[in-house]
Amino acid sequence: MNIPSELKYTKDHEWIKIEGDLATVGITDFAQGELGDIVYVEVDTLDETLDIEEVFGTVEAVKTVSDLFLPLSGEIIEFNEGLEDEPEKVNSDPYGEGWMIKLKFSDASQIDNLLSAEDYKALISG
């Protein structure tokens, strides 16, 4: 299982790549594996400012629909529009072309509460 060490993670199985005051967010390799074949990604919160842990969208797989929770408070400034035509990129490349949103976060102190790769690995291995 792929858990890149340079990323941060949430208990809800999102990954976060921090670059300055921007964060790129997607779901982890573990999460896409648990969901199965992803058929639709919906993010209807573009240009909205949300609080940490608010729902910013959903991922629909063949068997289930899962909410996506915002890992940091801030404004959603970009949605990966490539997922509209190819949602399966979340399965094939969750940390690359399968990213979901870009976020301009408003409270850098919240980063300290995110999980490291080691912490996330411990969480999913039970």
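What counts and how
- Position numbers for residues count from 1 along each chain, tracking the sequence in the order it is written.
- Local features in a predicted model are, by the rule used here, given only for residues with pLDDT of at least 70; side-chain atom pairs are given and counted only at 80 or more, and totals for whole chains, interfaces and linings are based on all residues.
- Just so you know, side-chain values use all the structure's heavy atoms and leave hydrogens and water out.
- UniProt positions are given in the numbering used here, feature names are shortened, and annotations may be inferred rather than shown by experiment.
- Secondary structure elements follow DSSP: runs of H or I no shorter than four residues count as helices, runs of E no shorter than two count as strands, and numbering proceeds from the N terminus.
- Exposure classes here rest on a 1.4 Å probe applied to the protein chains alone. A residue is buried below 20% of its type maximum, exposed above 50%, and partly exposed in between.

Within an unreviewed UniProt entry, the label attached to the protein reads Glycine cleavage system H protein, and the organism entered is Winogradskyella echinorum. Per UniProt, the protein carries the Subunit (unreviewed entry) text "The glycine cleavage system is composed of four proteins: P, T, L and H." The heading Function (unreviewed entry) in the UniProt record of the protein holds the text "The glycine cleavage system catalyzes the degradation of glycine. The H protein shuttles the methylamine group of glycine from the P protein to the T protein."

Engineer: Now, about the UniProt feature "modified residue: N6-lipoyllysine" (unreviewed entry) in the protein: what can you tell me, with residues and values included?
Structural biologist: Under the UniProt annotation, the feature "modified residue: N6-lipoyllysine" (unreviewed entry) is placed at Lys-63. As for its position among the elements, Lys-63 is in the loop between strand E6 (55-61) and strand E7 (65-69). Lys-63 sits in the exposed class, given a relative accessible area of 80%.

Engineer: Describe unusual backbone geometry, and please don't skip the residues or the numbers.
Structural biologist: Most peptide bonds are trans, and most residues other than glycine sit at a negative phi. Even without being a glycine, His-13 presents a positive backbone phi close to 75 degrees. Unlike most non-glycine residues, Glu-53 shows phi in positive territory, near 70 degrees. Mapped onto the elements, Glu-53 comes out in the loop between strand E5 (49-50) and E6.

Engineer: Could you give an account of the UniProt feature "domain: Lipoyl-binding" (unreviewed entry) in the protein, naming the residues involved and the relevant values?
Structural biologist: When the UniProt feature table is mapped to this numbering, "domain: Lipoyl-binding" (unreviewed entry) covers residues 22-104. Secondary structure content for residues 22-104 is 18% helix and 42% strand, and the end C-alpha separation is 5 Å.

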